[in-house]
Amino acid sequence: MKDAVLKSLKQTRVVSGQALASELGISRTGVWKYVNQLRREGYRISSSPRLGYTLDSVPDSLLAAEIEENLQTRIQGRKIISCREMQSTQDHAKKLAIQGSPEGTIVVAETQSAGRGRLGRSWASPPGGLYFSLILRPGITLAGAAGIPLVAAVALARAIHRYTAVAPRLKWPNDVLIKKRKTAGILVEMSAEMDRLDWVIIGIGVNVAAASVQLPPEIRRTSTSLAIESTRTVQRTQLLGDILYELEEALDMFQTQGFEPLRKQWKEKSHTLGKHVTVVGSRQSIEGKAVDIDSSGALVMECAGGIRQRVTSGDLFFKGGGHG
Ligand code: BTN
């Protein structure tokens, strides 16, 4: 009922308590109760005894109703679990995926107390950022899924570009950089049975509002946020809508046309190829020039003696430090 009150307030600029009450079949006290609930969620609603209620502004909170309004997708984001605080949206999404939650479910939180990054790192998640995990159930094999992290990176970079007009660059496999500093990260986890994928979870963290001092000291030199890099004020629900739209487009393309067109897009946005890098893996470090992305998303490196090596995972460092 609260959502119905909100919908009416959004449709009509000013609406009387009596008109709202009759439209929704509740008492005027009921309307007042829902209006107050909305005010507590951050909606600014003024009331005048003569005219009634006016919706003055909507909060930049990741409320399900606001996210829904910004969706332009068929599937992605069509089921929303939104919380003020969570340990990790990734862990919550994983539980939901195991319980059978459908493709397109998103779990989103204002802050995370135990946000996770790639390679066992933690992901700082102060308020004002965008942290969400998306459940996918793509009908592809485990081997075919290797390109998904790069596909997600292309989609995320496209959405940030569309929304802020700033064009991010990509660091292999899936870091999103603006002016050589990390702005967003992607964590892809999956489960398969007999080589058939059961679920894939794409977890995305975007530094949106953080000022430099709000970023943890250890990443301050190498990270940035949309607030620092773009002049556009970001409404996170709109940005989330754009990210889900680009993800849906890119994933559709991946499933119908394969990795090739997305590999091309990744390479166009690359801040990796042509650079001297070291990739630190769990068993060995490889040093050389990053020369290509192969048909499965692996990084191709040219090492000493001109020997080419394929690297499928690891932490990439640019020669000279920072993000190249
Ligand atoms: C990385 O660059 O290391 C990946 C960072 C991924 C962070 C996101 S925030 C939403 C989701 N929940 C998590 O705990 N992690 C991912």
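Residues numbered from 1 in each chain as written. Predicted model: local features only at pLDDT ≥ 70, side-chain atom pairs only at ≥ 80, totals over all residues. Heavy atoms only, no water.

Chemist: Would you take a moment to explain the sheet that holds strand 5 (residues 105-112) for this structure?
Modeler: Each strand in a sheet pairs with its neighbour through backbone hydrogen bonds, running either in the same direction (parallel) or in the opposite one (antiparallel). Taken together, the 7 strands give an open sheet; going across it, the order is 4-5-6-10-9-8-7, and neighbouring strands pair in mixed fashion. In the strand order of this sheet, the two ends are held by strand 4 (79-86) and strand 7 (169-171), each with one partner. Each strand axis lies, on average, 20° off the axis of its neighbour in the sheet, ignoring direction. (Pairing = 2+ DSSP bridges. Helix = DSSP H or I, 4+ residues; strand = E, 2+ residues; numbered from the N terminus. Axes fitted to C-alpha atoms, helices over the stretch in contact; angles between N-to-C directions.)

Chemist: Sorry, what's going on with the site of the ligand here?
Modeler: Taken together, 20 residues surround the ligand, and among them Ser88, Gln112, Arg116, Arg118 and Lys182 come closest. Arg116 places a main-chain nitrogen or oxygen 2.7 Å from a nitrogen atom of the ligand. The protein chains hide 98% of the 410 Å² of surface that the ligand would expose on its own. Those elements giving two or more residues to the shell around the ligand turn out to be helix 5 (89-98), strand 6 (130-136), strand 9 (181-193) and strand 10 (196-206). If one sorts the elements of the shell around the ligand by residue count, strand 9 sits on top with 4 residues. A breakdown of the residues in the shell around the ligand according to their chemical character gives 6 nonpolar, 10 polar and 4 charged. (Near = heavy atom within 4 Å. Polar contact = N/O pair within 3.5 Å; in protein donor to acceptor, adjacent residues only side chain to side chain. Areas by Shrake-Rupley, 256 points an atom, 1.4 Å probe, with all protein chains shown as cover. Nonpolar A, V, L, I, M, F, W, Y, C, P; charged D, E, K, R; others polar.)

Chemist: Quick question: what am I supposed to make of the pattern of salt bridges here?
Modeler: Side chains bearing opposite charge may pair, as long as their charged atoms lie close to each other. Applying the stated criterion to the full structure yields 24 salt bridges. A salt bridge links Glu229 to Lys179; its shortest N-O distance comes to 3.2 Å. Pair noted here: Glu229 is in helix 7 (residues 226-229) and Lys179 is in the loop between strand 8 (175-178) and strand 9, with a separation of 50 residues, a long-range link. A relative accessible area of 16% places Glu229 in the buried class. In this structure, Glu268 and Lys264 form a salt bridge, with 3.9 Å as the shortest nitrogen-oxygen distance. Taken as a pair, Glu268 and Lys264 lie in helix 9 (residues 260-268) at a separation of 4 residues, close to a single helical turn. In this structure Glu268 comes out as exposed when scored by relative accessible area, which is 51%. By sharing partners, the salt bridges in this structure join Asp91, Lys94, Arg116 and Glu189 into a single network. (Salt bridge = Lys/Arg side-chain N within 4 Å of Asp/Glu carboxyl O. Buried < 20%, exposed > 50% of the residue type's maximum accessible area, 1.4 Å probe, protein only.)

Chemist: Can you walk me through the packing of helix 1 (residues 2-11) against helix 2 (residues 17-24) in this structure?
Modeler: The description of two packed helices rests on the angle between their axes and on the distance between the axes. Direction vectors running N to C along helix 1 and helix 2 enclose 125°, while the axes themselves pass 11 Å from each other. On the basis of the axis angle, helix 1 is oblique to helix 2. For the element pair helix 1 and helix 2, the recorded crossing hand is right-handed. Contacts between helix 1 and helix 2 pair Ala4, Val5 and Ser8 from the former with Leu20, Glu23 and Leu24 from the latter. Within the contact of helix 1 with helix 2, the residues separate by chemical class into 4 nonpolar, 1 polar and 1 charged. (Parallel < 35°, antiparallel > 145°, perpendicular 65-115°, else oblique. Left-handed = near helix turned anticlockwise from the far one by under 90°. Contact = heavy atoms within 4.5 Å.)

Chemist: I tried to follow the sheet that holds strand 11 (residues 276-280) on my own but got confused; where do I start?
Modeler: A sheet is described by the order of its strands in space; here 5 strands give the open sequence 14-13-12-11-15, paired in antiparallel fashion. If you trace the sheet from one side to the other, it starts and ends with strand 14 (308-311) and strand 15 (315-318), each paired once. Neighbour-to-neighbour, the strand axes of the sheet open up by a mean angle of 45°, direction not taken into account. Pairing of strand 12 (residues 285-293) with strand 13 (residues 299-302) involves 4 bridges; the strand directions are antiparallel. Across the sheet, the residue bridging to Asp292 is Val300, located in strand 13.

Chemist: What exactly am I supposed to notice about helix 9 here?
Modeler: Because each turn of an α-helix spans 3.6 residues, side chains separated by three or four positions end up pointing in the same direction. Within helix 9, burial applies to Leu262, Arg263, Gln265 and Trp266. Axial view of helix 9: buried residues confined to an arc of 160°, hence all on one face. Those residues of helix 9 that are exposed and angled more than 90 degrees off the buried face are Lys264 and Glu268. Packed against the buried residues of helix 9 are helix 6 (148-164), strand 7, helix 8 (236-257) and strand 12. (Arc of directions from axis to C-beta.)

Chemist: Even after reading the chapter, I still don't get the environment of Ile67, so can you show me in this structure?
Modeler: Take Ile67: it is sitting in helix 4 (residues 64-69). Assessed through its relative accessible area of 1%, Ile67 is described here as buried. C-alpha of Ile67 to C-alpha of Leu239: the two residues are 172 residues apart in sequence and 9.5 Å apart in space.

Chemist: Would you explain the pairing of strand 12 in this entry?
Modeler: Along any regular strand, the residues point their side chains to alternate faces of the sheet. Taken together, the 5 bridges between strand 11 and strand 12 define a ladder with antiparallel strand orientation. Across the sheet, the residue bridging to His276 is Lys289, located in strand 12. Here strand 11 folds back onto strand 12, and the loop between the two strands holds 4 residues. Taking the residues between adjacent antiparallel strands as the criterion, strand 12 and strand 13 are bridged by 5 residues, where Gly297 takes a positive phi near 100°.

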